[in-house]
Amino acid sequence: MSRMSDNKKIRRDLEPEVTEKLRHQAAELTQCVESGDYAGAMNLINELNEVRDQSLYREVGRLTRTLHEAIRNFQIDPRSPEQKEVLSLMTDASDRLAYVVQMTSQAANRTMDLVEESMPVAHTVRDNATSLRQEWQRLGRREMQPAEFRELYGRIDAFFQSVSKDADRVYNNLSEILLAQDFQDLTGQVIQRVTALVKEVEEQMLSLVVMASHVDQLTGTVHRLEHEEVSAEQGVGPQMKTEEREDVVSGQNDVDDLLSSLGF
Amino acid sequence: MKILIVDDFSTMRRIIKNLLRDLGFTNTDEADDGNTALPMLKSGKYDFLVTDWNMPGMSGFDLLKTVRADENLKDLPILMVTAEAKRDQIVAAAQAGVNGYVVKPFTAAVLKEKIEKIFERIQ
């Protein structure tokens with residue numbers, strides 16, 4: 001990506017040699033017209049056209065090369081041979097972002113599997129403890145027959161065993177949940193790369209726009225831009241920098257205030 | 001109490017399903033957009049609808065308007081759970097007849113409060 005930086009400066013003017021040639025040929029053209037050499041004048045006009053076209057082609061060529069390079073340089077560091085193979089198949093940003101969606105969805109589902117597995121374990125421990133405590137309190141109040149106590153002793157012993165086993169299971173599930181968060185590292189890398197690519201493309205686009213405006217100046221083209229209002233009815237997704245904006249709510253409290261102001 | 005959860009992301013449907021189960025609502029079904037949800041609502045005798053806004057196919061907002069315009073469904077309580085946070089959108093949803101609006105990211109407590117509030121008002 002180092003080559004990119006060479007092109008980062010956006011030129012506001014045409015290349016000096018082009019403007020020099022333009023000035024030179026314009027003077028010659030005036031001379032030709034004044035001396036009545038119309039064939040020579042036409043030739044000069046053709047040459048001028050060519051100069052203009054070629055500087056345009058050069059700019060477009062430069063832009064294409066840098067864009068191509070940006071896309072080719074855009075890769076994430078593969079960690080394993082298996083991943084390397086998967087990654088080598090990904091050649092564009094949308095594939096990479098799809099990979100982010102897939103990784104985050106995998107992690108979310110893995111986490112929820114483990115949570116759903118752990119919740120009933122916690123429930124069972126609580127229910128058993130509640131029931132044993134009731135028996136234990138009966139014993140404290142000396143309401144228990146020796147035979148009942150022997151049965152309680154057995155249950156308490158079994159409870160201790162199951163608590164150790166259940167605690168191990170919950171602990172293991174928690175550490176697996178911890179590991180399931182490793183997607184952040186990989187998706188973070190991918191997103192950073194996509195962001196860098198977008199930034200580069202944006203810069204190149206800007207220079208194309210500047211270049212196009214030169215061409216517009218030369219050809220005298222004026223564009224009429226129609227501003228299209230985007231409807232929020234289909235949904236526009238999460239909003240950024242909500243704290244600084246007036247048109248968006250920054251949280252549930254704002255929503256509640258807004259709705260109650262409407263009589264909700 | 002039969003509840004339909006509509007969201008295009010399966011993880012979000014699963015989170016809402018789990019939260020609803022913790023609140024004691026175990027009879028839930030899922031749909032991934034308005035187009036899938038609508039026939040289910042028409043034939044399924046649902047008591048409550050939880051929907052996202054931004055979905056491919058039919059959006060939650062269109063689903064809301066369609067349900068309110070349907071003679072058999074118009075009284076169905078609807079809770080929107082969405083990342084859509086523009087004031088205009090919230091006002092539009094309220095005008096279209098939504099019963100509650102929860103912005104993502106949300107907490108279990110907020111979801112519980114809004115659902116309880118909706119049921120209080122209905123009873």
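Criteria and thresholds
- Residues numbered from 1 in each chain as written.
- Chains lettered and ligands numbered in written order.
- Predicted model: local features only at pLDDT ≥ 70, side-chain atom pairs only at ≥ 80, totals over all residues.
- Helix = DSSP H or I, 4+ residues; strand = E, 2+ residues; numbered from the N terminus.
- Contact = placed C-beta atoms within 7 Å.
- Buried ≥ 20, exposed ≤ 12 C-beta atoms within 10 Å, placed from the backbone.
- Nonpolar A, V, L, I, M, F, W, Y, C, P; charged D, E, K, R; others polar.
- Pairing = 2+ DSSP bridges.
- Right-handed = clockwise from strand over helix to strand, strands pointing away.
- Core = buried A, V, L, I, M, F, W, Y, C linked by C-beta atoms within 7 Å.
- Axes fitted to C-alpha atoms, helices over the stretch in contact; angles between N-to-C directions.
- Parallel < 35°, antiparallel > 145°, perpendicular 65-115°, else oblique.
- Left-handed = near helix turned anticlockwise from the far one by under 90°.
- Expected span 1.5 Å × (residues − 1).

Where do I start with the overall build of chain A in this structure?
Within chain A, the regular secondary structure consists of eight helices and zero strands. Restricting to contacts in chain A with at least 6 residues of sequence separation, those with at least 24 account for 72%.

In this structure, what is going on with the overall build of chain B? I would like to understand it.
A tally of helices and strands in chain B yields five helices and five strands. Listed by position from the N terminus, the elements making up chain B come as β-α-β-α-β-α-β-α-β-α. Counting over 123 residues, chain B shows a buried share of 41%. In chain B, 59% of the contacts between residues at least 6 apart in sequence involve partners at least 24 apart.

What is the right way to look at the interface of chain A and chain B in this model?
Quoted interface sizes are often the accessible area lost when the parts come together. Of the residues lining the interface, 23 residues belong to chain A; the matching set on chain B comes to 21 residues. For the side of chain A that touches chain B, the secondary structure elements donating two or more residues are helix 5 (93–140) and helix 8 (252–261) of chain A. When the residues that make up the side of chain A that touches chain B are grouped by side-chain class, the tally is 12 nonpolar, nine polar and two charged.

Help me understand the pairing of strand 3 (residues 48–51) of chain B, please; the structure alone is not making it clear to me.
In the case of a regular strand, side chains alternate between the two sheet surfaces. All names here are of chain B. Alternating positions in strand 3 separate into two faces, Phe 48 and Val 50 on one and Leu 49 and Thr 51 on the other, with burial throughout. The sheet contact formed by strand 1 (residues 3–6) and strand 3 spans four bridges and is parallel. Along strand 3, the bridge assignment pairs Ile 3 with Phe 48. In terms of strand pairing, strand 3 meets strand 4 (residues 78–82) through three bridges, oriented parallel. From the neighbouring strand, Leu 49 faces strand 4, where its bridge partner is Ile 78. One crossover worth recording links strand 3 to the parallel strand 4 by way of helix 3 (residues 60–69), and it is right-handed.

I tried to follow the nonpolar core on my own but got confused; where do I start?
Core analysis: the biggest nonpolar cluster contains 35 residues, and Leu 4, Val 50 and Met 80 of chain B have the highest contact counts within it. Setting aside its immediate chain neighbours within four residues, Leu 4 of chain B contacts Asp 29, Ala 31, Ala 37, Met 40, Leu 41, Tyr 46 and Leu 49 of chain B.

Help me out: how do you make sense of the packing of helix 2 (residues 34–44) of chain B against helix 3 of chain B in this one?
The relative placement of two packed helices comes down to the angle between their axes together with the axis-to-axis distance. Residue and element names in this part refer to chain B. Here helix 2 crosses helix 3 at 25°, and the two axes come no closer than 10 Å. Our classification of the angle between helix 2 and helix 3 gives roughly parallel. Considering only the axes of helix 2 and helix 3, their crossing is right-handed. Residues Gly 34, Ala 37, Leu 38 and Leu 41 of helix 2 pack against Gly 60, Asp 62, Leu 63, Thr 66 and Val 67 of helix 3. Of the residues belonging to the contact of helix 2 with helix 3, the class tally is five nonpolar, three polar and one charged.

Quick question: what am I supposed to make of the environment of Phe 9 of chain B here?
Its location among the elements puts Phe 9 of chain B in the loop between strand 1 and helix 1 (10–22). Spatially, the C-alpha atom of Phe 9 of chain B lies 8.9 Å from that of Met 55 of chain B, the residues being 46 residues apart in sequence.

What is the right way to read the pairing of strand 5 (residues 100–103) of chain B from this model?
Residue and element names in this part refer to chain B. What you see with strand 5 is no split at all: Gly 100 and Val 102 on one side and Tyr 101 and Val 103 on the other are buried throughout. As paired strands, strand 4 and strand 5 are joined by four bridges and run parallel to one another. The residue bridging Met 80 from the neighbouring strand is Tyr 101, located in strand 5.

I would appreciate a short explanation of helix 6 (residues 146–180) of chain A in the present structure.
What sets the pattern is the α-helix's 3.6 residues per turn: residues three or four places apart point alike. With 35 residues, helix 6 of chain A extends 50 Å between its outermost C-alpha atoms, agreeing within 8% with the 51 Å of an ideal straight helix rising 1.5 Å per residue. Among the 35 residues that make up helix 6 of chain A, zero are buried, leaving the element largely open to the surroundings.

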